[in-house]
Amino acid sequence: MEASRSFSSVSRSGEKPYSLSVNPSKAPVWCSPKTLQKPSFVHKIPSYQPLSHGGRLAFVCSSRNPISGVVPANTADPDGGFAPADYDEKPREECGVVGIFGDPEASRLCYLALHALQHRGQEGAGIVTVNNNVLQSVTGVGLVSDVFNQSKLEQLPGESAIGHVRYSTAGSSMLKNVQPFVAGYRFGSVGVAHNGNLVNYRSLRAKLEDSGSIFNTTSDTEVVLHLIAISKARPFFLRIVDACEQLQGAYSMVFITEDKLVAVRDPFGFRPLVMGRRSNGAVVFASETCALDLIEATYEREVYPGEVLVVDKDGIQSLCLMPHPEPKKCVFEHIYFSMPNSVVFGRSVYESRREFGKILATEAPADCDVVIAVPDSGVVAALGFAEKAGVPFQQGLIRSHYVGRTFIEPSQRIRDFGVKLKLSPVRAVLEGKRVVVVDDSIVRGTTSSKIVRLIKESGAKEVHMRIASPPIIASCYYGVDTPSSEELISNRMSLEELREFIGCDSLSFLPIDSMKKLYDEDAPSFCYACFSGKYPVLPTELKVKRVGDFLDDGLNSSLEFIDGGWVQASRNQVAQKTVSSS
């Protein structure tokens, strides 16, 4: 099926331009090539400047292993008798990162910031700090609160820290892949936390293994450490630049050394990374501004696409990586991933979602008595829809926040058990009503059909689904855990077929053209690959995206044994990449 399949709305009114104001003052969001002048270090960020070459760095690592050992949390994988929950089929952001420099309570602040980013990854968490020239690491499986306690944080003294929360499909091998990673090499040690996905990971890994590198994990982040270790650039942060120039895909990373904190964002700026400052002068990097808010750091700006920021005792210095004329920021950050109270890519996530709902109410209206949301990610768009339609918004579905990723099911099977555990319908709101249900997206469609059935079983007269994003027809290769294109229901069905499958009375998606009108002049700077199948960075390999971790993760056998975890790229995409590069 062509990626350009068109989806019509239930009804459309005259198109009107939508616009959102940018929160911070306008600033360039990508690097422009120019001659760079000698830097002067101040506690103020200068314009892009070169980083001077100096003496080499030397520090030691507390881990004997090139990749730091894992301190597991006090949680074990469940045994038989448990079944995986089927209520959550949303795309998953792979991870969130934090970096802090210059605060005596760096590890505790990092811990709190990771709490604020918990929505970006719930399967693993870790923090690395520097104390007396030693990089110390605590990582484990589970939520941030499962991994860290008072005694664990006391093991992490120091004034600088990096942290990471991670999503995975879980499994015993996941322990090896929990970040941040700490590696020792000939000039010292470095820790790294990475958000994103490298589309050329397999070829880079194969090349490194051919030259003698030994890998301990299946994470693409480990490739970055090996590239840093073999680089001949001086000083250390130029090794990072050298490594990043060989990477293709999405990466927002924070590095920590004995005396520096380094933040890097790929030239396309796929994944977010922001910078803030605490009142004591401590510099903070995080995936979202909600992490800055919790630890009382003031948001200053984004790390620009293609930028390297180096923080040490003398201040902050900026270096431009490979310049790129047009960023491609992930639009799904505004649709689903980010917290509504965050400012991402210079825009309020809350305002974006509210406007999405208003557009739906204008272009796909429905005769209804009440507007409800699929919590939590559909709430703000539903509020926008209700406001524009002049129909009351009510809580027709109540979400349970106490359900884990596994559950014990009774011997006599309960239909839609996973959804019922997570969402409870409010009969008083739904019975006898014509209901508009607003959700952020549809992936496989199975959860949506169960939600519609749940609402109808509670007495709703009609159920009209409104989706606050365009149809997802293509897999993401830039750090989002989406199924392969063959599993995406909007790629396999027409709008009417999908409506019948879900069982609702009407179904409409947010038109992609209207979304672009909302972003106005910023529209070209977003990535819409999951809606169009047009990738800013084309896959260079047939298998480019690993989904989760697997029992055999390549430690005891060849890379081919982990093929079950890779998503196939279209041969057309690979061919197109080959032609364009020749």
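Cut-offs and rules
Residues numbered from 1 in each chain as written. Predicted model: local features only at pLDDT ≥ 70, side-chain atom pairs only at ≥ 80, totals over all residues. Heavy atoms only, no water. Buried < 20%, exposed > 50% of the residue type's maximum accessible area, 1.4 Å probe, protein only. Helix = DSSP H or I, 4+ residues; strand = E, 2+ residues; numbered from the N terminus. Pairing = 2+ DSSP bridges. Axes fitted to C-alpha atoms, helices over the stretch in contact; angles between N-to-C directions. pLDDT = per-residue confidence, 0-100. Contact = heavy atoms within 4.5 Å. 1 Å grid on protein atoms, 1.4 Å probe; cavity = no way out; pocket = protein on both sides within 12 Å on 5 of 7 lines; lining within 4 Å. Points joined across faces, edges and corners; volume = space filled by probe spheres on them. Nonpolar A, V, L, I, M, F, W, Y, C, P; charged D, E, K, R; others polar.

What to know about the pairing of strand β13 (residues 283–286)
Then step 1. Along β13, one buried face is formed by Val283 and Phe285 and the opposite face, lined by Val284 and Ala286, is buried too.
Then step 2. Both strand β4 (residues 95–101) and β13 contribute to a ladder of 4 bridges, which runs antiparallel. If you follow Gly99 over to β13, its bridge partner there is Phe285.
Then step 3. Relative to β13, strand β12 (residues 274–278) is paired through 4 bridges, and the arrangement is antiparallel. Pairing of Val274 across the sheet is with Ala286, part of β13.
Then step 4. Linking β12 to β13, which pair antiparallel, is a turn of 4 residues; within it Gly281 sits at a positive phi near 95°.

Some remarks on the sheet that holds strand β9 (residues 188–198)
Then step 1. One open sheet accounts for 6 strands, arranged β8-β9-β10-β11-β15-β16; its pairing is antiparallel. Because the sheet does not close on itself, it has two edges, and the strands there are β8 (181–185) and β16 (315–320). Neighbour-to-neighbour, the strand axes of this sheet turn through a mean angle of 20°, independent of strand direction.

So, the confidence of the model for the protein
Detailed reading of the predicted model is not advised wherever pLDDT is low.
Then step 1. In this model, the protein carries a mean pLDDT of 79, and residues with pLDDT of at least 70 account for 73%.
Then step 2. Across residues 1–88 the pLDDT falls below 50, and counting only partners more than four positions away or on other chains, this stretch makes 225 contacts in the model.
Then step 3. Low pLDDT (under 50) marks residues 574–582, which in the prediction has 10 contacts with non-local residues, meaning those over four places away or in another chain.

Describing empty space enclosed by the protein
Then step 1. Applying the stated criterion across every chain yields a total of 3 cavities of 30 Å³ or more.
Then step 2. The space that makes up the second largest cavity amounts to roughly 140 Å³.
Then step 3. Looking at the lining of the second largest cavity, the elements that each hand over two or more residues are α9 (332–337) and α18 (529–532).
Then step 4. Grouping the amino acids of the lining of the second largest cavity by side-chain chemistry returns 13 nonpolar, 1 polar and 1 charged.

A word on helix α6 (residues 221–230)
Then step 1. Among the 10 residues in α6, 8 count as buried, and that is most of the element.
Then step 2. Taken together, the buried positions of α6 are occupied by Thr221, Glu222, Val223, Val224, Leu225, His226, Leu227 and Ile228.
Then step 3. Tucked inside the fold, the buried residues of α6 contact β8, β9, α5 (201–210), α7 (236–244) and β10 (249–256).

Quick word on the sheet that holds strand β20 (residues 370–373)
Then step 1. Read from one edge of the open sheet, 4 strands run β20-β24-β25-β27, paired in parallel fashion. Two strands close off the open sheet at either side, each with one partner strand: β20 and β27 (506–509). Neighbour to neighbour, the strand axes of the sheet diverge by 20° on average, direction disregarded.
Then step 2. Direction of pairing for strand β25 (residues 462–467) relative to β27: parallel, over a ladder of 4 bridges. Across the sheet, Met465 pairs through a bridge with Leu507, a residue of β27.
Then step 3. Strand contacts of helix α11 (residues 379–389): β20, β24 (434–439) and β25, with the helix running at about 165° to β20, the strand carrying the most contacts.

Re unusual backbone geometry
Leaving glycine aside, a negative phi is the common case for residues, and trans is the common case for peptide bonds.
Then step 1. Looking along the chain, the bond that leaves Gln179 and enters Pro180 is cis, with omega of 0°.
Then step 2. Positionally, Pro180 belongs in the loop between α4 (174–177) and β8.
Then step 3. For the bond running from Arg234 to Pro235, omega is -10°, close enough to zero to count as cis.
Then step 4. Note on placement: Pro235 falls in the loop between α6 and α7.
Then step 5. Unusually for a residue other than glycine, Asn132 sits at a positive phi of about 55°.
Then step 6. Summarising the element assignment, Asn132 is placed in the loop between β5 (124–131) and β6 (134–141).
Then step 7. The exposure class of Asn132 is exposed, given its relative accessible area of 67%.

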